[in-house]
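Below are the chains, spelled out letter by letter.
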Amino acid sequence: MRTLPMKKLLVSGAIALAAFSAAAAAIAAGTVEQPPRKSWHFEGPFGTYDRAAAQRGYQVYAEVCAACHSLSLLAYRNLMELGLTENQVKGLIKDIEVPDLNDDGQPIDRPARLSDRFKKPFPNELAAAAANNGKAPPDLSVMVKARANGPDYLHGLLTGYVPYDKLTPQQIKEYAVTKDDNFNKYFPGHKIAMAPPLADDKVTYADGTKSTSDQQASDIVEFLAWASEPHMEDRKRTGVRVILFLLAMAGFMYAIKRMVWSDKH
Amino acid sequence: MASSHGTPPVFNNKVISWIDHRLPIFSYIEKEYHTFPTPRNFNYFWNFGAIATVMLVLMIATGVVLATNYTPHVLMAFDSVERIDRDVPQGWLMRDLHMNGASFFFIAVYIHIFRGMYYGSYKAPRELLWILGVVIFLLMMATAFMGYVLPWGQMSFWGATVITNLFSAIPVVGDSIVTWLWGGFSVDNPTLNRFFALHYLLPFVIVAVVALHVVALHVHGSNNPLGIDPKGPQDTVPFHPYYTMKDGFGVVVFLIVFAGFAFFAPDYMGHPDNYVPANPLVTPEHIVPEWYFLPYYAILRAVPDKLGGVIAMFGAIAVLFVLPWLDTSRVRSASFRPIYKWFMLVLVVDVIVLGFCGANPPAGFWIPLSQVATLYYFFHFLVLLPILGKIERPLPLPPSIADAVLKNKAG
Amino acid sequence: MATSGNPAGGHGDPTRRDFLMVATGALGGVGIAATAWPFINNLNPAADTLALASVEVNVAPIQVGQAITVKWRGKPVFIRHRTPEDIKAAESVPMSQLPDPQTDNARVTDSAKKVRPQWLIMIGVCTHLGCVPLGNRPGQDKGPFDGWYCPCHGSAYDTSGRIRQGPAPTNLVIPEYLFLSDALVRIG
């Protein structure tokens, strides 16, 4: 009886929390169009990366994105975690040359090794900005984690371009769009420096998957999700074990606690 | 080692006996954590002191190993954190536990604080115990703030910029203080270096103050849900095994929830912008601190004056220091204060509302809402507590803890 | 301490109580050990460090009689393309003259057990106190046995990198290496 108010305190706190999160979410949802909700192989407590999709995603990255976007936190050796063998990865990188210094301290390009980080498309950020109308293309290493609702947002962004002639006059007026601008449904402010990067059949998949731009976008998101958090599967596996252990421990501790207190209650 | 209250312990083991004769650590443990008479009527809210202690140890343990791989330099900090995540053996585990551990440390401490407020644990003779607790809370906030800067993402950088700039509100010397805090003319490498040094130091200061907190606790013993003092052995139980086992159970249950977040939603409590490397030229659209600072952040923004906002924010914590003297009630526990207990519920809701105000942009109805909530926060402490203690008629207190426990069981 | 004595005296059935205590204690012990492991493992070499634990060297450009130095695991590795005279000199030394007896053949065998007498690959760190011996670059003092010579305390090595004179106790160390092709060797 005496503990009741404290319980009420918790319950009312929880209710207030729930009510306000609902209200806040409703307000947030009203402002920008949300990208369509997709289901991903890596979602949920037991989700894993779809290796085949991620490997296709690497192909899209290497053939399309890598021209402008770096992936500086990844090393070529990491690709072996996607299910490729050492020789397959060596084959993928055999034509890549990375900058280094020779024994006399002169800058040279030498063949990439497995231990090298992914080659950057530009030597530094200033050069990247200079080559891209003043705005350096961002690094993609943790992009999926660096955007709210990352996987859906990136997929939406890559497939959310609207050609100038499909825009309504009101949109053109409101966002001051010209023929040279790229209009994207999901990009904040809509005018995005990146031209539509994907197109049907822009890459040819070796495994025969139909190369639609939607498929390419899904594959690159699968690949970038892996790039953002290569250890995710290990994390979830460990989590299952830890929680099962703690549940058992809680059961034992509760039994002991009850036993110890049995003469006091 | 048969032991009853009051008699000095006798150790059968010769080594223990030899050591204890010279350095009585075993007697101390025996007295303070074994036979220590503890009120028999704790509810599960009394677990959160032990839980907070476990979280503090976990934070220090994970923090030390993280520090062995972290590089406090503006050009390398972000990548070194990612390297911990990617390349260091089980580095991801240490980082997930550390960054979620901070949140769960605060969850435990916030529940601990509200428990103390509800049951009047700050009242005589435990005022210093409470004040030491507020000191721990302040040290935790400083430590957490500096820790959040270390990954050197956008939120790290702009959080550091905004919070250090608070001090520029101080008249005359404000700007000099901010320059001194930064070690330069903006948040930069010297700032990151000193924040890392202090982030490593402060947890050990917290440990020291926690030790004092425990010493002060053991002078008069714990408060309890009835708020009345134990009158004899029938009102208490030895700390071990009764509360060691109950605390152990509570800790494990808390860790289950913690593990749920750390392993299955490690970034839920964080902010995506902190995965964007710090860029001193571009401010994120919407800067928010970590969730545990949101109520104070809302108070800061509720006052439409720079210095006023800073004073209100620090005042919101400072008021906790004098809480024992603001509350004029004769009884401790809100269970016997029919009016106060409802206001206590309102205060909890008020702080949660402030949290949401802090999380949302200062626009539209959030501005008046945060102002009303801020006013209510200070009204509760500065007006309501002193007056209510005088006019409220407490319910009759039970004659003893044992009496209440037995009657409760019968009824 | 925790289970000494019988503080919870007389609670429940003693067998059940003992079982609970022992089972919980054992489970807790396992939990603590399992928790300790990541903290220890955390300090092991990271994946990027391990990725550099082996290097691949193209030896094709090294002319007969030349030697190069490559950095491997933070240490210099000497790779010498030995002349037939070097090889003959190394093979003709009687074991009795060696402080650390080892045949030349054993020192030029890669991890696939293939012998390549023309390639001598060694860690270029004197086994005495860790200096880097001279003799790998043209014009340097190769010492009395025409191999390498450590300037710190005068240890002299022969054309097989074996210690012949001076305070060093053992021959220069041969790292694990494997010829992936005739021109490409992986060290480590």
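Preceding this section is the structure that the text describes.
Residues numbered from 1 in each chain as written. Chains lettered and ligands numbered in written order. Predicted model: local features only at pLDDT ≥ 70, side-chain atom pairs only at ≥ 80, totals over all residues. Heavy atoms only, no water.

Visitor: What is the right way to look at the side chain of T143 of chain B in this model?
Guide: All names here are of chain B. By secondary structure assignment, the location of T143 is in helix α6 (residues 127-149). Overall, T143 belongs to the buried group, its relative accessible area being 9%. Every residue in contact with T143, bar those within four places of it in the chain, is listed here: H199, L202, P203 and I206. (Helix = DSSP H or I, 4+ residues; strand = E, 2+ residues; numbered from the N terminus. Buried < 20%, exposed > 50% of the residue type's maximum accessible area, 1.4 Å probe, protein only. Contact = heavy atoms within 4.5 Å.)

Visitor: Any chance you could explain the interface of chain B and chain A here in plain terms?
Guide: Of the residues lining the interface, 60 residues belong to chain B; the matching set on chain A comes to 53 residues. Summed over both partners, the interface of chain B with chain A comes to about 4,800 Å²; 74% of that surface belongs to carbon and sulfur atoms. The three residues of chain B that bury the most area against chain A are R86, Y242 and F264 of chain B, which together make up 14% of that side's buried surface. Between R117 of chain A and D87 of chain B there is a salt bridge, and its shortest N-O distance comes to 4.0 Å. At the boundary of chain B with chain A, the tally comes to 8 residue pairs in polar contact (both at pLDDT 80 or more). Secondary structure elements with two or more residues in the side of chain B that touches chain A: α4 (77-86), α5 (91-118), α10 (239-264), α14 (340-359), α15 (366-391) and α16 (401-410) of chain B. If you tally residues by element for the side of chain B that touches chain A, the top one is α10 of chain B, at 16 residues. Considering only residue class, the side of chain B that touches chain A consists of 39 nonpolar, 6 polar and 15 charged. (Buried area = accessible area lost by both parts, 1.4 Å probe. Salt bridge = Lys/Arg side-chain N within 4 Å of Asp/Glu carboxyl O. Polar contact = N/O pair within 3.5 Å; in protein donor to acceptor, adjacent residues only side chain to side chain. Nonpolar A, V, L, I, M, F, W, Y, C, P; charged D, E, K, R; others polar.)

Visitor: Help me out: how do you make sense of the pattern of salt bridges in this one?
Guide: Two side chains bearing opposite charge may form a pair once their charged atoms approach each other closely. All names here are of chain B. On inspection of all chains with the given rule, the structure shows 32 salt bridges over all chains. Between E32 and K31 there is a salt bridge whose closest N-O contact spans 3.1 Å. For E32, a relative accessible area of 9% gives the class buried. Judged by relative accessible area, which is 51%, K31 ranks as exposed. R332 is paired through a salt bridge with D229; the nearest N and O atoms lie 3.2 Å apart. On the criterion of sequence distance, the pair formed by R332 in the loop between α13 (323-326) and α14 and D229 in the loop between α9 (189-220) and β2 (236-238) is long-range, its members being 103 residues apart.

Visitor: Please explain the interface of chain C and chain B as it appears in this structure.
Guide: One frequently used descriptor of interface size is the decrease in accessible area upon assembly of the parts. Facing 18 residues of chain C, the contacting portion of chain B comprises 20 residues. When chain C packs against chain B, the two sides together hide about 1,600 Å² of surface, and 64% of this comes from carbon and sulfur. Where chain C meets chain B, there are 1 salt bridge. R83 of chain B serves as the salt-bridge partner of D48 of chain C, at 2.6 Å between the closest nitrogen and oxygen. At the junction of chain C and chain B, the tally comes to 4 residue pairs in polar contact (both at pLDDT 80 or more). Broken down by secondary-structure element, the contributors of at least two residues to the side of chain C that touches chain B are α1 (14-41) and α2 (47-51) of chain C. Split into classes, the residues belonging to the side of chain C that touches chain B amount to 11 nonpolar, 6 polar and 1 charged.

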